[in-house]
Amino acid sequence: MVKETEDRSVVLKDMTANPAPLGLLGFGLTTILLNFHNAGFYPLSSMIVAMGFAYGGIAQIIASLMEYKKGNTFGTVAFGSYGLFWWSLVILLILPNITFLNTAGNSALKAADPASLGAYFFIWGLFTLVMFFGTLKGHRMLQVVFISLAILFFLLTAAELTGSDLLTIIAGYEGIFTGASAMYIGLAEVINEVYDRRVLPI
């Protein structure tokens, strides 16, 4: 007696949420608020530091971990890197003001000078420019975010090295555009998923 066996295929469906909107909104909103400062609308305050630590930093790191679980290397590196960028910027701002670290004779923790900040923004600009080439197979709006972010970092580099207030203001307006672009993509992906159709083009 021959026993027939039936082959069955099982399709596994990814039921986890899309982490990209969280990361994009964490980056976008925080970038807009920081660059309102750069454009001269208000002084640097604890609001920017708090946003940089919480939404700019933590939200993007969470998105990075979620992208890792989905097997998305680009999303993991991008959200993880820019989340930690915000944390590093917050540390740069608050570290010189921590009293017990800023004791007499301790010059290692003085505030960053224009040359070191110029190098800091330049290396982030270079990183972002290379990451931009990874977006060329994606949608157009993501390309806009990355190339405008690279330009922002290079503008901030030039502003630090020249001491030009005008360049800082220009960088501020360009940064508002960059942040708004990321915010648009994040919100568009949320709305399009909710309505299960393309409501907002990306």
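Use the structure listed above.
Residues numbered from 1 in each chain as written. Predicted model: local features only at pLDDT ≥ 70, side-chain atom pairs only at ≥ 80, totals over all residues. Heavy atoms only, no water.

Okay, helix α3 (residues 73-94) next. Along its 22 residues, α3 runs 32 Å from first to last C-alpha, staying within 8% of the 32 Å computed at 1.5 Å per residue. Among the residues making up α3, those that are buried are G75, T76, A78, F79, G80, S81, Y82, G83, F85, W86, L89 and V90. Against α1 (20-38), α2 (46-70), α4 (114-133) and α5 (140-162) lie the buried residues of α3. Near the N-terminus of α3, the side chain that reaches the backbone nitrogen of F74, with its oxygen 3.2 Å away, is that of N72. (Helix = DSSP H or I, 4+ residues; strand = E, 2+ residues; numbered from the N terminus. Expected span 1.5 Å × (residues − 1). Buried < 20%, exposed > 50% of the residue type's maximum accessible area, 1.4 Å probe, protein only. Contact = heavy atoms within 4.5 Å. Polar contact = N/O pair within 3.5 Å; in protein donor to acceptor, adjacent residues only side chain to side chain.)

This part takes up a nonpolar patch on the surface. On the surface, a nonpolar cluster with roughly 370 Å² of combined accessible area is contributed by L22, F53, I58, I62 and M66. Per-element accounting of the nonpolar patch gives the leading share, four residues, to α2. Looking at the secondary structure, you find M66 in helix α2. We classify M66 as partly exposed; its relative accessible area is 31%. (Patch = residues over 30% accessible without salt bridge, like charges linked within 9 Å, V, L, I, M, F, W, Y side chains within 5 Å. Areas by Shrake-Rupley, 256 points an atom, 1.4 Å probe, with all protein chains shown as cover. Salt bridge = Lys/Arg side-chain N within 4 Å of Asp/Glu carboxyl O.)

The next thing to look at is the layout of surface pockets. Computed from the structure, the largest pocket encloses a volume of approximately 490 Å³. Listing elements by their share of the lining of the largest pocket, those giving two or more residues are α1, α3, α4 and α5. Residues belonging to the lining of the largest pocket are distributed by class as follows: 18 nonpolar, five polar and one charged. By volume, the second largest pocket is sized at about 240 Å³. Lining the second largest pocket we find 18 residues, and of these L24, F74, F79, L142 and F146 sit closest to its centre. The set of elements that each furnish at least two residues to the lining of the second largest pocket consists of α1, α2, α3, α5 and α6 (165-195). For the lining of the second largest pocket, the element with the highest residue contribution is α3, accounting for five residues. A breakdown of the residues in the lining of the second largest pocket according to their chemical character gives twelve nonpolar, four polar and two charged. (1 Å grid on protein atoms, 1.4 Å probe; cavity = no way out; pocket = protein on both sides within 12 Å on 5 of 7 lines; lining within 4 Å. Points joined across faces, edges and corners; volume = space filled by probe spheres on them. Nonpolar A, V, L, I, M, F, W, Y, C, P; charged D, E, K, R; others polar.)

This part covers unusual backbone geometry. A positive phi angle is found at D196, which is not glycine, with a value near 55°. As for its placement among the helices and strands, D196 is situated in the segment after α6. Note on D196: relative accessible area 71%, which makes it exposed.

What follows is about the packing of aromatic side chains. Under the defined criterion, the tally for this structure stands at 19 aromatic pairs. Each ring, one from Y82 and one from W124, has its centre 5.9 Å from the other, and the planes form 40°; the classification is tilted. In this pair, Y82 is assigned in helix α3 and W124 in helix α4, connecting sequence segments 42 residues apart. Taken individually, Y82 and W124 each receive the classification buried, so the pair is uniform in this respect. Here the aromatic rings of F85 and W124 are separated by 5.1 Å at their centres, their planes lie at 70°, and the arrangement is edge-to-face. One end of the pair, F85, is in helix α3; the other, W124, is in helix α4, with 39 residues separating them in the sequence. The pair F85 / W124 is uniform in exposure class, with both members buried. Members of the aromatic cluster, connected to one another through ring pairs, are F27, F74, Y82, F85, W86, Y120, F121, W124, F127, F146 and F153. (Phe/Tyr/Trp six-rings, centres within 6.5 Å; stacked < 30°, edge-to-face > 60°.)

Shape is all these values report; function is a separate question.
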